[in-house]
Amino acid sequence: MTSRLVVVESPAKAKTIKKYLGKGYQVMASYGHVRDLLPKEGAVDPDNDFAMKYVVIEKNAHHVKTIADTLKKYDELLLATDPDREGEAIAFHLSEIMQEKGLIKDKPVRRVVFHEITKSAILEAINHSRDLSMDLVNAQQARRALDYLVGFNLSPLLWRKVRPGLSAGRVQSPALRMIVERELEIESFIAREYWTVEADVAKNEQPFSAKLVEYDGEKLKQFSITNDEMAKKILNGLAKDGKGKLTVKSIEKKKRKRNPSAPFTTSTLQQEASRKLGFGAQRTMRIAQQLYEGIDIGEGAVGLITYMRTDSVNLAQVAIEEIREEIATRFGKDALPSTPHLYKTKAKNAQEAHEAIRPTSPKVHPDDIKHALSADQYKLYNLIYKRTIACQMIPATIDTVAVDLSCGPKHMFRANGSIISEPGFLQVYEEGLDDAKKDKDGEGKMLPPLKEGDVLPIQETRPMQHFTEPPPRYSEATLVKTLEEYGIGRPSTYATIIGTLQQREYAVLENKRFHPTDVGRVVNRFLTTYFPQYVDYGFTAGLEDQLDDISRGEKEWRPVLKEFWSPFISLVKEIQENVQRKDVTQEPIEEKCPQCGSPLSIRLGRRGRFIGCTTYPECDYTRGLDEKGGAEQTAEIVEGRTCPEDGGALQIKKGKYGKFIGCSNYPDCKFIEPLEKPEDTGVECPSCKQGNILKRKSRQGKIFFSCARYPDCKYALWYTPLAKPCPLCAWPITSVKTTKRNGTERVCPQKDCKFSEPYDLETETEPEPEST
C-alpha cells in the first residue's frame, strides 16, 4: 500500500484532516509560509530577469526539517494547503525545498485542493489531485516581487524626504489616500442650513406625521426653506389657508418585494461582522479561520464553514439542496421559492475559491453547538449560518402606502408608511446598513386606516431646522467595501491592508472610524504629489487585474514586472535627486510670520504638524495648527488652580516638546507638570508593590509605562501592562506587544523569560447578532 505524507499550513487543520484519513497517511503542518524573500536589498534582481532570492523563514525552519525527516519514510507527498494563490505558493516552496534536499527524486508530489474540511471533500480532493499550478504560483510571486520593489525603493526615499522609519506599500498607499481625502472633504465641508415642516395628525387615536412637500403650488426641494424667517412665513400661510385641518386627497398602495442578500464573500463577511458584531477585519478572519480548520463539537474536530477567502457568491448544487431541505424542515415548504436563488458574482475575477462562505452542513445549527464554541466563534458562525439559510428563502413582501394630504387649495403634505405583510427571509436574517442607507423614509412606520376625503385636525405644525452633514469617515466595513468597488486588493489582502495602515500609524481608529495621523497626511501628500500614478485607484486596480491574468495563464509574470519597474525606478531616482525635504514636509499657507514677515508654512515635527516660519533657524516662530496667528499671544490661564510651590497663577505654555503647565512666575518659580495627566492602568507595580503603573508620554511623544512612585521607583516598560502573571516565570504582570511579524501577543516583560502567546486586543462585549 502506498504511504502518503499530507502537509497543510496549520496544526488545527492537520488535526481535523487526520481523523478522516486511514492507515498509510501522516498529516503534518508547515505552520504557514516556509520561505520568503531575503529581507534585504537585492532579493529581487530586475537586472537579472527579476531573479528572486528566497530563504527559509527562521521560525519555521524546525518544522521544515521535521517534514523533510518524515518524508523519507513515505512514498508520496500530498500538498493540501489552502485553495488560493498563497496556498499554491506555500505548496510550491515546500516542494522546492524537498527537491533541493533530494527527497523527491522518485516520489510523486501532488496538489490536493478542497474548499471545506469534511470527509467527503478531502477524499474527493485526494482522488482528483493535480500538479502544482505554476500560473497561480507566478501570480503570487509577481505580487510579492511588486510589493518588495515598491517597499525597498519608496521606503528609503520616505526616510530621506520625510522622516526616518517610514514605509510605503503598493496597495496600502491608495487606501491611505482614501482615508486622507475623506478627511480633507470633511475639513473643507461647509454646512448649509435648511428647514422642513411637519404636521402631527391622528385618526382613531393613532397619531402620525406628514411632511410638507408642496407649498403655494410649487414642489419643495431640500433648500427651498433656508432660514427661520421663511419657515415662520410658511407656517402662517398654512394656518391661514388650511384652517387647522388636512384632507386626505389620494392614497397609493403598493406591494414591494425585498430579496435576500447573497451568501457571504470575504469582503461582505468583513463588512457585516463590523456592522453587526463590532469585529475588525483581522479579528473576523482569525475566527473564520478557526471555524474553517475545525472545532471539536463532541465527535472530534469538524470544519464548520467553507474556505473563507473568496470573492464568489456561488453555492454548490449539493449545498443548495441541503439548505432547501433544512428550510422546509424548520420553516415549512411555504418558505421555499419554487426554484433556488442563483447569485451572480460581481467581482471580475472570482476564481480562487469557487464557492461563497457557507456552513459545511446546514443541519449543524449554531444553537446546537454553542457549548463547544467560544463567544466569538458562535457569533460569527451564527451570522454565516443565518445569511446562508436566508439566501435560499422567499423574498419578503412589504406593503407600502403613500398618502397625500391637502392643506387648503395650494399646499400638500405627504405621509409614508410600510408594514411587512410576509416576512419571508426576514424571519431569519436582515442585512446591516451603512451610514448612507440608514434613513429610509417611512420604513417600519405604520399609518392608520385612511380613505380619500377624510378630514384630520392638525395637532401641531412643526418647523424643523437641519444642516447638511459632511460624508462620514470610513469604518472598517465601508473601507473594505470601497476598496472592493475600486478593485483594489483581493480577498486575502483586505485585513492586511487595514492592519498595515494602523501598525505604521498612518491612520488610527477612533470610535470605529479611521482618522489619518499627521504622518499619514504628509506621506499621502508626498505620494500623491510625486507618485500620482502609483496611488491612482485605476492604476492599482489595473495592476491587480494583470495579476489575475497571470493566475489564469493569460500573461507572463516577468513582462508585467518589467512594464512596472522601468518607469517606477526612473521616477524614484528623479525625485531623489531633485526634491528637497522641505518640499515634502512644508505646506505653504497664505500668512506672514508675525516676527519677521516671511511666509509661514505647515511643517511636520516630532510631535505632529505645526505652523512655523520658512526662514527657520534664523526665525524660530512656531504655533499649533489650532492656534490663531498674531505677534502677541496671551498664555491661557488654568482656572481654579494655583502653583503648589509659590501660589502663583498656572498657565498653559508651549515649549520645545509641546504644551505643558507652568508657573506664571517663571523663572523665579520653575514648577511644571504635563498638560495631559498620566493615565492610571490599574496594574500594581511588580517592583515596589506600592504604586500603580501609569501610562505616560515621553518628550518625543512616544508612549511608555512606569511606576507612579517615580523617581523613588524606576520600574518602566514600553508595552501595555496586564494584571496577569507570567505562566512561565510567575512575574506578577505580563504586557501586550504588537509587531508586524507576530501580530498582537501577550508577553512577559522580563528579559530572561521567553513567554509569548497570541492575544486579542478587542473586547468581548460586542452586541449579539440580530435574531431577526
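I will try to describe carefully the structure that is included in this document. (Residues numbered from 1 in each chain as written. Predicted model: local features only at pLDDT ≥ 70, side-chain atom pairs only at ≥ 80, totals over all residues. Heavy atoms only, no water.)

1. Quick word on the sheet that holds strand E22 (residues 599-605)
Point 1. Strand order in the open sheet made by the 4 strands is E21-E22-E23-E24, with antiparallel pairing throughout. For this open sheet the edge positions go to strand E21 (586-592) and strand E24 (622-623), each flanked by a neighbour on one side alone.
Point 2. Set on the sheet, helix H14 (residues 518-530) makes contact with E21, E22 and strand E23 (608-613); between it and E23 the angle comes to about 70°. (Pairing = 2+ DSSP bridges. Helix = DSSP H or I, 4+ residues; strand = E, 2+ residues; numbered from the N terminus. Contact = heavy atoms within 4.5 Å. Axes fitted to C-alpha atoms, helices over the stretch in contact; angles between N-to-C directions.)

2. As for the side chain of Ser10
Point 1. Here Ser10 is to be found in the loop between strand E1 (4-8) and helix H1 (11-18).
Point 2. A polar contact is formed between the side chain of Ser10 and the backbone nitrogen of Lys13, at a distance of 3.1 Å.
Point 3. Ignoring any residue separated from it by four or fewer positions in sequence, one finds Ser10 in contact with Ala29 and Glu293. (Polar contact = N/O pair within 3.5 Å; in protein donor to acceptor, adjacent residues only side chain to side chain.)

3. Some thoughts on the nonpolar core
Point 1. In this structure, Phe114, Ile305, Leu380, Phe526, Phe531 and Phe568 are the most contacted members of the largest nonpolar core, which totals 120 residues.
Point 2. If you tally residues by element for this core, the top one is helix H5 (residues 134-161), at 10 residues.
Point 3. Beyond its immediate chain neighbours, meaning those up to four positions away, Phe114 contacts Lys13, Ile17, Ala80, Pro83, Ala121, Ile122, Ala125 and Tyr292.
Point 4. Within the second largest apolar cluster, 25 residues are counted, among which are Phe208, Ile234, Val401 and Cys407. (Core = buried A, V, L, I, M, F, W, Y, C linked by side-chain atoms within 4.5 Å. Buried < 20%, exposed > 50% of the residue type's maximum accessible area, 1.4 Å probe, protein only.)

4. A short note on the pattern of salt bridges
Point 1. The final tally for this structure, using the stated rule, is 45 salt bridges.
Point 2. With a closest N to O distance of 3.1 Å, Glu198 and Arg462 form a salt bridge. One end of the pair, Glu198, is in strand E9 (residues 193-203); the other, Arg462, is in strand E18 (residues 460-467), with 264 residues separating them in the sequence.
Point 3. Across the pair Arg283 and Asp376 runs a salt bridge, and its minimum N-O distance is 2.9 Å. Remark: Asp376 occurs in helix H11 (residues 375-390) and Arg283 occurs in helix H9 (residues 281-293); sequence separation between them is 93 residues.
Point 4. By relative accessible area, which is 0% here, Arg283 ends up buried. (Salt bridge = Lys/Arg side-chain N within 4 Å of Asp/Glu carboxyl O.)

5. Brief notes about the environment of Ser756
Point 1. Looking at the secondary structure, you find Ser756 in strand E36 (residues 756-758).
Point 2. Considering only alpha carbons, one finds Ser756 and Leu728, 28 residues apart in sequence, at a separation of 9.6 Å.
Point 3. In this view, Ser756 contacts Glu745, Arg746 and Val747; residues no more than four positions away in its chain are not counted.

6. So, the packing of aromatic side chains
Point 1. Counting across every chain of the model gives 17 aromatic pairs.
Point 2. With centroids separated by 5.3 Å and ring planes inclined at 70°, the aromatic side chains of Tyr292 and Tyr307 adopt a geometry described as edge-to-face. In this pair, Tyr292 sits in helix H9 while Tyr307 sits in the loop between strand E14 (301-302) and helix H10 (317-331), placing the two residues 15 residues apart along the sequence. You'll find Tyr292 and Tyr307 in the same group, each marked buried.
Point 3. Here the aromatic rings of Trp565 and Phe568 are separated by 6.3 Å at their centres, their planes lie at 50°, and the arrangement is tilted. One end of the pair is Trp565 and the other is Phe568, both in helix H16 (residues 557-578) and 3 residues apart, which spans about a single turn. An identical accessibility class is assigned to Trp565 and Phe568; each is buried.
Point 4. Taken together, the ring pairs connect Phe526, Tyr530, Phe531, Tyr534, Phe539, Phe564, Trp565 and Phe568 into an aromatic cluster.
Point 5. One cation-aromatic arrangement involves Arg192 over Phe223; the distance from NZ or CZ to the ring centre is 3.7 Å.
Point 6. Residue placement shows Lys276 over the ring face of Tyr429; its charged tip is 4.0 Å from the ring centre. (Phe/Tyr/Trp six-rings, centres within 6.5 Å; stacked < 30°, edge-to-face > 60°. Lys NZ or Arg CZ within 6 Å of the ring centre and 35° of its normal.)

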